[in-house]
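Examination of the molecular architecture
Residues per chain are reported as follows:
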Amino acid sequence: MQALNTLLQRQPQAATDAVRPPRGQVAGMDLGHRWYAPGTHITIRGLDKRFGAHTLYDNFDLDIPKGKLISIFGPNGCGKSTLINMIAGILPYDRGQILFDGKDVHDTRIGYVFQNYREAVFPWMRAIDNIRYPLKYLKLSKGEKDARIDKLVESFDVKIDLNKYPYEMSGGQQQMVSIMRSLVVDPEVLFLDEPFSALDYEMTQFLRDRLQKVFMEKPVTTILVSHDLDEAVYLADYVLLLSRNPTRVADFVPFDAPRPRTAETTLTPDFLRVKGHSLEIFQREVRK
Ligand SMILES: Nc1ncnc2c1ncn2[C@@H]1O[C@H](COP(=O)(O)OP(=O)(O)OP(=O)(O)O)[C@@H](O)[C@H]1O
């Protein structure tokens with residue numbers, strides 16, 4: 001709950017001299033001593049993370065493109081959640097730099113959906129108040145806030161009564177509330193840590209489709225951790241395959257099937273090729 005509160009209460013601050021990146025740290029320019037390409041949103045350089053004597057990340061570099069959905073897939077315990085938590089600014093790292101368009105995470109609006117929705121939604125608030133909650137930290141008029149909520153409710157095609165409390169809702173409905181709450185701030189970056197793994201198939205399909213719809217309306221840089229390779233490929237613009245520790249990028253595989261993707265997408269040669277290739281890399285890493 002602590003991490004959640006920190007995230008929900010984080011307001012983008014005006015850039016100050018203390019947090020403004022040094023001259024030259026803009027997309028397409030030299031970031032310190034390394035080049036990064038135009039179109040890059042998040043740059044990770046020289047990241048180290050240790051848990052006690054165990055080195056999880058050692059001088060790790062990664063570029064994440066803007067407005068794309070990246071699925072992270074890799075062996076158990078390779079550090080998928082640790083990576084997104086470090087990028088989202090809720091877990092400290094030992095060394096390195098993570099910048100968003102040259103900005104610090106504290107100057108970036110982010111949305112985060114946790115796997116465990118039961119601990120993520122506020123049980124004492126109605127669904128609608130859960131969704132509205134992060135807006136109290138943004139400088140918007142009441143009319144603007146209402147308009148945001150109305151648009152989200154419309155996008156998600158919500159059929160349930162949002163005046164209900166979480167305990168009156170199914171797990172899938174609670175996770176939908178959690179996803180809507182992460183989107184209401186109009187995030188620059190959206191983090192999804194296994195958001196569907198505890199949900200039934202029907203609800204998973206529904207929420208994947210809603211997410212795709214929102215993403216098509218406005219492509220927001222999204223980082224998804226998934227244990228389901230079909231899901232990882234189905235939703236992704238790129239599948240980031242991680243190795244065993246110390247964690248490296250094993251591959252970064254593009255998948256550019258048109259959206260919205262449907263059940264038919266999973267039967268296309270392109271989908272089967274990307275999935276087959278990803279599985280091969282995964283099995284190679286697991287055997288190491
Ligand atoms: N707070 C912590 N203290 C000590 N070790 C930790 C901590 N958090 C994670 N680890 C260790 O770091 C490694 C990576 O954990 P992480 O949860 O990031 O992996 P993951 O790839 O998301 O795992 P999974 O596939 O099981 O979801 C694991 O070995 C884990 O035990």
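Residues numbered from 1 in each chain as written. Predicted model: local features only at pLDDT ≥ 70, side-chain atom pairs only at ≥ 80, totals over all residues. Heavy atoms only, no water.

As recorded in an unreviewed UniProt entry, the protein chain goes by NitT/TauT family transport system ATP-binding protein and comes from Noviherbaspirillum suwonense.

Attention now goes to the overall build of the protein chain. When you go through the protein chain residue by residue, the secondary structure sums to nine helices and eleven strands. Residues classed as buried in the protein chain amount to 50% of the 288 residues present. Put simply, of all contacts in the protein chain between residues at least 6 apart along the chain, 71% involve residues at least 24 apart. Taken as a whole, the protein chain presents about 13700 Å² of accessible surface, with 53% of it coming from carbon and sulfur. (Helix = DSSP H or I, 4+ residues; strand = E, 2+ residues; numbered from the N terminus. Buried < 20%, exposed > 50% of the residue type's maximum accessible area, 1.4 Å probe, protein only. Contact = heavy atoms within 4.5 Å. Areas by Shrake-Rupley, 256 points an atom, 1.4 Å probe, with all protein chains shown as cover.)

The subject of this paragraph is the site of the ligand. As a matter of local geometry, the ligand sits amid Phe-51, Leu-56, Asn-76, Gly-77, Cys-78, Gly-79, Lys-80, Ser-81, Thr-82, Glu-194 and His-227. Backbone polar atom of Gly-77 to an oxygen atom of the ligand: 3.2 Å apart, as the coordinates give it. One of the side-chain nitrogen or oxygen atoms of Lys-80 is found 2.8 Å away from an oxygen atom of the ligand. For the ligand, whose accessible area on its own is 630 Å², the fraction buried by protein is 56%. Sort the elements by how many residues they give to the shell around the ligand and helix 2 (residues 80-87) lands first, with three residues. (Near = heavy atom within 4 Å. Polar contact = N/O pair within 3.5 Å; in protein donor to acceptor, adjacent residues only side chain to side chain.)

The next point concerns the sheet that holds strand 7 (residues 110-113). Pairing in this open sheet of six strands is mixed, and the strands run 7-8-9-5-10-11 from one edge to the other. Of all strands in the sheet, those bounded by a partner on one side alone are strand 7 and strand 11 (249-254). Recorded for the sheet is a direction-independent mean angle of 15 degrees between the axes of neighbouring strands. The pairing of strand 5 (residues 69-73) with strand 10 (residues 238-242) spans four bridges and is parallel. From the neighbouring strand, Ile-70 faces strand 10, where its bridge partner is Tyr-238. Each of strand 5, strand 7, strand 8 (189-193), strand 9 (221-225) and strand 10 is contacted by helix 2, which is oriented at about 155 degrees to strand 8, the strand it contacts most. (Pairing = 2+ DSSP bridges. Axes fitted to C-alpha atoms, helices over the stretch in contact; angles between N-to-C directions.)

The subject of this paragraph is the packing of aromatic side chains. Under the definition given, this model contains ten aromatic pairs. The cationic tip of Arg-181 hangs over the ring face of Phe-122; the distance from NZ or CZ to the ring centre is 5.2 Å. (Phe/Tyr/Trp six-rings, centres within 6.5 Å; stacked < 30°, edge-to-face > 60°. Lys NZ or Arg CZ within 6 Å of the ring centre and 35° of its normal.)

Before going further, it helps to examine the sheet that holds strand 4 (residues 54-65). An order of 4-3-6 is seen for the three strands of this open sheet, with the pairing classed as antiparallel. Edge strands, defined here as strands with exactly one partner in the open sheet, are strand 4 and strand 6 (95-100). Looking at each pair of strands side by side, their axes are set apart by 15 degrees on average, direction ignored. Looking at chain direction, strand 3 (residues 40-51) and strand 6 are connected through five bridges and run antiparallel. Within strand 6, the position partnered with Thr-43 by the bridge is Leu-99. The strands touched by helix 2 are strand 3, strand 4 and strand 6; relative to strand 3, the strand with the most contacts, the crossing angle is about 120 degrees.

Under the definition given, this model contains 20 salt bridges. Here Arg-45 and Asp-63 are joined by a salt bridge, their closest N and O atoms 2.9 Å apart. You can see Arg-45 sitting in strand 3 and its partner Asp-63 sitting in strand 4, a full 18 residues away along the chain. Linked through salt bridges whose partners overlap, the residues forming this network are Lys-103, Arg-109, Asp-186, Glu-188 and Lys-218. (Salt bridge = Lys/Arg side-chain N within 4 Å of Asp/Glu carboxyl O.)

Tracing the backbone through its elements, the reader meets Glu-188 in the loop between helix 6 (171-183) and strand 8. By relative accessible area, which is 19% here, Glu-188 ends up buried. One polar contact links Glu-188 to Lys-103, side chain to side chain, over a distance of 2.8 Å. There is a polar contact of 2.7 Å between the side chain of Glu-188 and the backbone nitrogen of Arg-109.

Helix 7 (residues 201-217) packs onto helix 5 (residues 142-155) with a crossing angle of 125 degrees between their chain directions and a minimal axis gap of 10 Å. As the angle between them shows, helix 5 and helix 7 are arranged oblique. On helix 7, the residues that touch Lys-151, Glu-154 and Ser-155 of helix 5 are Arg-210, Lys-213, Val-214 and Glu-217. Here the contact of helix 5 with helix 7 is built from residues that sort into one nonpolar, one polar and five charged. (Parallel < 35°, antiparallel > 145°, perpendicular 65-115°, else oblique. Nonpolar A, V, L, I, M, F, W, Y, C, P; charged D, E, K, R; others polar.)

Roughly 300 Å³ of volume is contained in the largest pocket. Lining the largest pocket, in full, are Arg-148, Lys-151, Leu-152, Ser-155, Leu-183, Val-184, Asp-186, Pro-187, Val-214, Glu-217, Lys-218 and Val-220. Only helix 5 and helix 7 provide two or more residues apiece to the lining of the largest pocket. Broken down by element, the residue count for the lining of the largest pocket peaks at four residues, all from helix 5. Classifying every residue of the lining of the largest pocket gives six nonpolar, one polar and five charged. (1 Å grid on protein atoms, 1.4 Å probe; cavity = no way out; pocket = protein on both sides within 12 Å on 5 of 7 lines; lining within 4 Å. Points joined across faces, edges and corners; volume = space filled by probe spheres on them.)

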